[in-house]
Amino acid sequence: MECKIAVLPGDGIGPEVMEQALRVLDAVGRKFSHKFHIAQGLVGGAAYDVYRTHFPDETRKLCEQSDAILFGSVGGPVAELHLEKWRSCETSSILAIRKAFSFNANFRPVRIFPELKGLCPLRSEVVERGVDLLFIRELNGDIYFGRKENLVRDGKRVAVDVAEYTEDQIFSVTHTAFQAARKRRKKVTSVDKANVLHVSKLWREVVHEVAKEYPDVQLEDMLVDNCAMQLIRNPSQFDVVLTGNMFGDILSDEGAVLAGSLGLLASASINAQGFGLYEPPGGSAQDIAGKGVANPIAQILSAAMMLRFSFSLGNEADAIERAVSSALSAGLRTGDIASTAETPVSTAAMADKIISFI
Ligand code: IPM
Ligand code: MG
């Protein structure tokens, strides 16, 4: 098959891990006789340098003309965040893209690689029960996109971010979650703060309406504070975790710790038409950028998700995921997943090994 992929490496470790993910895609393309047409575009601070905007029209057009988007990461180093280049970088790049293409459902799978069990900070008897869950995070609404305001009231500074959800937004992502659960262990845990928030009360109401259409899937409601605790206490109870935008952001990072490193996790953002953007949720990691030490696995697994979701290339995605496991079994560790006794390998060396197993 032939497909066109918009590749947006972005900032920080984005370009270096993307380079490796593209090598892996190239290897998969040759092995399975597919032609992946790669077209690179600028986003984030990298785009700002050239266009004075974080999400230029050129990049938007490139995405519109492509079959999928493979995204790296955006955002600047802590010491430079005051510069114009980095001001609102995340909001005006990745959040703008999510909105522009109505990417409303974000899939963030978390599982423990058997080879890396030791990285999970939980006790081994908890880990042994298994950790394999899928966060489905709404991505177009909530406090992220509600009215924002800075004002002065009675001589004091006040800041406002409104959390808002429409029922349609909730309906859409809830269907996505139930359909995903059907292909898994048939359980949805819907996370909210319905004891306090109006948005959460509506959330819960709509989720229960949708659930009636999926009698084969078990639904459970969980308050977000309890969920934060349960994720650590007994993560094996979870299958699909359905959340709003803000809670999903926070809980999915907590979930990442279970796997051992953000550098291992992939994500997919999908709209109602099935168009998708694939990105590692780990961020630009500017502190280690440019050194060739970042873990490329998150970006490589994001590419695998793209093959599976956008191109229905399940065997090819499996091949990548197996190759990643094999590289880990062979003992390769980048700095983020190496124990003190292990010598970390470079970004490129990890990718070389993965490619050798494809
Ligand atoms: C994520 C990130 C983004 C988010 C930031 C970079 C705006 O943390 O994808 O989880 O909050 O959604
Ligand atoms: Mg986040």
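The preceding data block contains the structure.
This write-up is about the structure you can find in this document.

Definitions and limits used
Residues numbered from 1 in each chain as written. Chains lettered and ligands numbered in written order. Predicted model: local features only at pLDDT ≥ 70, side-chain atom pairs only at ≥ 80, totals over all residues. Heavy atoms only, no water. Helix = DSSP H or I, 4+ residues; strand = E, 2+ residues; numbered from the N terminus. Rg over C-alpha atoms; globule rule 2.2 N^0.38 Å. Buried < 20%, exposed > 50% of the residue type's maximum accessible area, 1.4 Å probe, protein only. Pairing = 2+ DSSP bridges. Axes fitted to C-alpha atoms, helices over the stretch in contact; angles between N-to-C directions. Contact = heavy atoms within 4.5 Å. Salt bridge = Lys/Arg side-chain N within 4 Å of Asp/Glu carboxyl O. Near = heavy atom within 4 Å. Polar contact = N/O pair within 3.5 Å; in protein donor to acceptor, adjacent residues only side chain to side chain. Areas by Shrake-Rupley, 256 points an atom, 1.4 Å probe, with all protein chains shown as cover. Nonpolar A, V, L, I, M, F, W, Y, C, P; charged D, E, K, R; others polar. Domains from an automatic or database assignment. Core = buried A, V, L, I, M, F, W, Y, C linked by side-chain atoms within 4.5 Å. Parallel < 35°, antiparallel > 145°, perpendicular 65-115°, else oblique. Left-handed = near helix turned anticlockwise from the far one by under 90°.

A closer look at the overall build of the protein
Within the protein, the regular secondary structure consists of 12 helices and 12 strands. For the protein, the C-alpha radius of gyration of 20 Å lies close to 21 Å, the compact-globule estimate for 358 residues. Each principal axis of the C-alpha distribution contributes one length, and for the protein these read about 55 × 50 × 45 Å. The buried share among the 358 residues of the protein stands at 53%.

Concerning the sheet that holds strand β9 (residues 218-223)
The 10 strands are arranged β2-β1-β3-β12-β11-β4-β5-β10-β8-β9 in an open sheet whose pairing can be described as mixed. Edge positions in the sheet fall to β2 (35-40) and β9, since each has one partner strand and no second. Strand-to-strand twist across the sheet, computed as the mean angle between neighbouring axes with direction ignored, equals 25°. With respect to the sheet, helix α1 (residues 14-32) is in contact with β1 (2-10), β2 and β3 (68-73), its orientation differing from that of β1 by roughly 165°.

Considering the pattern of salt bridges
Counted according to the given criterion, the structure contains 20 salt bridges. The closest approach of N and O atoms between Asp 26 and Arg 30, which form a salt bridge, is 3.0 Å. Linking Asp 26 with Arg 30, this pair stays in helix α1, spanning four residues, or about one helical turn. Given the relative accessible area of 60%, Arg 30 is considered exposed. The closest approach of N and O atoms between Arg 137 and Asp 249, which form a salt bridge, is 3.8 Å.

A short note on the site of ligand 1
Close to ligand 1 lie Glu 90, Arg 98, Arg 108, Arg 137, Tyr 144 and Asp 249. Between Arg 98 and ligand 1, the recorded distance is 2.7 Å, taken from a side-chain N or O atom to an oxygen atom. Within the side chain of Tyr 144, a nitrogen or oxygen atom sits 2.5 Å from an oxygen atom of ligand 1. Within the complex, the protein chains bury 76% of what would otherwise be the 320 Å² of accessible surface of ligand 1. Of the residues in the shell around ligand 1, the class split is one nonpolar, no polar and five charged. Two domains each donate at least three residues to the shell around ligand 1, and these are domain 1 (1-120 + 261-358) and domain 2 (121-259).

Considerations on the nonpolar core
The biggest cluster of nonpolar side chains holds 64 residues, and the ones touching the most others in it are Leu 70 and Leu 307. Top contributing element to this core by residue count: helix α10 (residues 297-311), with nine residues. Two domains each put at least three residues into this core: domain 1 (1-120 + 261-358) and domain 2 (121-259). For Leu 307, the contacting residues outside a window of four places in its chain are Leu 25, Val 28, Phe 36, Ser 312, Leu 313, Glu 316, Ala 317 and Ile 320. With 22 residues, the next largest nonpolar core counts Ile 112, Val 126, Leu 133 and Val 241 among its residues.

Describing the packing of α1 against helix α12 (residues 347-356)
Interaxial distance between α1 and α12 falls to 10 Å at its minimum, and their mutual angle equals 15°. With respect to α12, the axis of α1 lies roughly parallel. Considering only the axes of α1 and α12, their crossing is right-handed. Contacts from Glu 16, Val 17, Gln 20, Arg 23, Val 24 and Ala 27 of α1 reach α12 at Thr 347, Ala 348, Ala 351, Asp 352, Ile 354 and Ile 355.

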